[in-house]
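# Structural features, examined
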Amino acid sequence: MILLRRLLGDVLRRQRQRQGRTLREVSAAARVSLGYLSEVERGQKEASSELLSAICDALDVRMSEVMREVSDELSLAELAAMATLSEGDLLRPVLEPVSLPAPGVDRSAIAPKAAAMDVVAA
């Protein structure tokens, strides 16, 4: 399962680390406890919109930029999750195989070949 709070925490941590800032510096600037900010960054706590705004202000980064990065990470996580599904889960027959014998042809000679064919919508 993809947890949005984990993705958000990862993005916030990367933003902070890019600036070379400590949790202590950002927590003081955002007026949030160091422990709580740490839990948000680790994806253990949900950040309210007010808290997220305060953290973004403390990092001097637009919330829309953070959310865009979270959205990109979410898209990648969804694609990765889809890639782990078995091929059988992804390729489901949409139509039943149909054999149409020519007039005068014995149908029993065609049945094994028709059973081996699958029609799959891509």
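Within each chain, residue numbers correspond to sequence positions counted from 1 in written order. Confidence filtering applies because this is a predicted model: local features only for residues at pLDDT of at least 70, side-chain atom pairs given and counted only at 80 or more, and all residues used for totals across whole chains, interfaces and linings. Excluding hydrogens and water, the side-chain figures rest on all heavy atoms present in the structure.

## With respect to the overall build of the chain
Here a strand is any run of E in DSSP of at least two residues, a helix any run of H or I of at least four, and the numbering for each starts at the N terminus. Secondary structure summary: the chain contains seven helices and two strands in total. Moving toward the C terminus, one meets the helices and strands of the chain in the order α-α-α-α-α-α-β-α-β. Throughout, exposure labels follow a simple rule: accessible area from a 1.4 Å probe, protein chains only, divided by the maximum for the residue type, with under 20% read as buried, over 50% as exposed, and the rest as partly exposed. Counting only residues that meet the buried cut, the chain has 24% of its 122 residues in that class. Taking as baseline every contact in the chain between residues at least 6 positions apart, the subset at least 24 positions apart corresponds to 60%. Only the protein chains shown count as cover for residues, and the accessible areas themselves come from Shrake-Rupley with a 1.4 Å probe. On the chain, roughly 8,600 Å² of surface is accessible, and the fraction owed to carbon and sulfur atoms is 56%. Every residue pair with non-hydrogen atoms within 4.5 Å of one another is taken to be in contact.

## Considerations on the side chain of Gln-15
Here Gln-15 lies in helix α1 (residues 4-18). Owing to a relative accessible area of 6%, Gln-15 belongs among the buried residues under this scheme. For Gln-15, the residues in contact, after removing those within four places along its chain, are Leu-59, Val-61, Glu-65 and Glu-69.

## What about the packing of α1 against helix α4 (residues 49-59)?
Simply put, an axis is a line fit to the C-alpha atoms, just over the touching stretch for a helix, and the angle between two N-to-C directions goes from 0 to 180 degrees. The contact between α1 and α4 brings their axes to 10 Å, and the two run at 20°. Judged on the interaxial angle alone, α4 and α1 are roughly parallel. You can see that α1 and α4 cross each other, and the crossing is left-handed. Of the residues in α4, those in contact with Leu-8, Leu-12, Gln-15 and Arg-16 of α1 are Leu-52, Ile-55 and Leu-59. Amino acids are sorted into nonpolar (Ala, Val, Leu, Ile, Met, Phe, Trp, Tyr, Cys and Pro), charged (Asp, Glu, Lys and Arg) and polar (every other residue, Gly among them). Its residues assigned to classes, the contact of α1 with α4 comprises five nonpolar, one polar and one charged. If an angle is under 35 degrees, it is roughly parallel; if it is over 145, roughly antiparallel; if it lies from 65 to 115, roughly perpendicular; otherwise it is oblique. Throughout, a crossing is termed right-handed when the near helix is turned clockwise from the far one, and left-handed when it is turned anticlockwise from it by less than a right angle.

## Quick notes on the nonpolar core
The nonpolar core is taken to be a set of buried Ala, Val, Leu, Ile, Met, Phe, Trp, Tyr and Cys residues, with the residues joined through side-chain atoms within 4.5 Å. Counting residues in each nonpolar core, the largest one holds 19 residues, and the members touching the most others are Leu-8, Leu-12, Leu-37, Ile-55, Leu-59, Val-66 and Val-70. Taken together, the elements giving at least two residues each to this core come down to α1, α2 (23-30), α3 (34-41), α4 and α5 (63-83). With six residues, α4 is the single largest residue contributor to this core. When residues no more than four places from it in sequence are discounted, the contact partners of Leu-59 are Leu-12, Gln-15, Arg-16, Gln-19, Arg-21 and Val-26.

## A closer look at the environment of Thr-22
Structurally, Thr-22 can be placed in the loop between α1 and α2. C-alpha of Thr-22 to C-alpha of Leu-34: the two residues are twelve residues apart in sequence and 9.8 Å apart in space.

## Here's the deal with a nonpolar patch on the surface
Every patch collects residues that have over 30% relative accessible area and no salt bridge, joining them within 9 Å if they carry like charges and within 5 Å if they are nonpolar side chains (Val, Leu, Ile, Met, Phe, Trp, Tyr). Here, a salt bridge means any side-chain nitrogen of Lys or Arg that lies within 4 Å of a carboxyl oxygen of Asp or Glu. Side chains of Leu-76, Leu-79, Met-82 and Leu-85 sit close together on the surface and give an oily, nonpolar patch of about 410 Å² of accessible area. Within the secondary structure layout, Leu-85 lies in the loop between α5 and α6 (87-90).

## Observations regarding α1
In this scheme, a helix's expected span is set at 1.5 Å multiplied by one less than its residue total. Over its 15 residues, α1 runs 21 Å from end to end, which matches the ideal 21 Å to within 8%, given 1.5 Å per residue. Within α1, the full set of buried residues consists of Leu-7, Leu-8, Gly-9, Val-11, Leu-12, Gln-15 and Arg-16. For α1, the secondary structure elements touched by its buried residues are α2, α3, α4 and α5.

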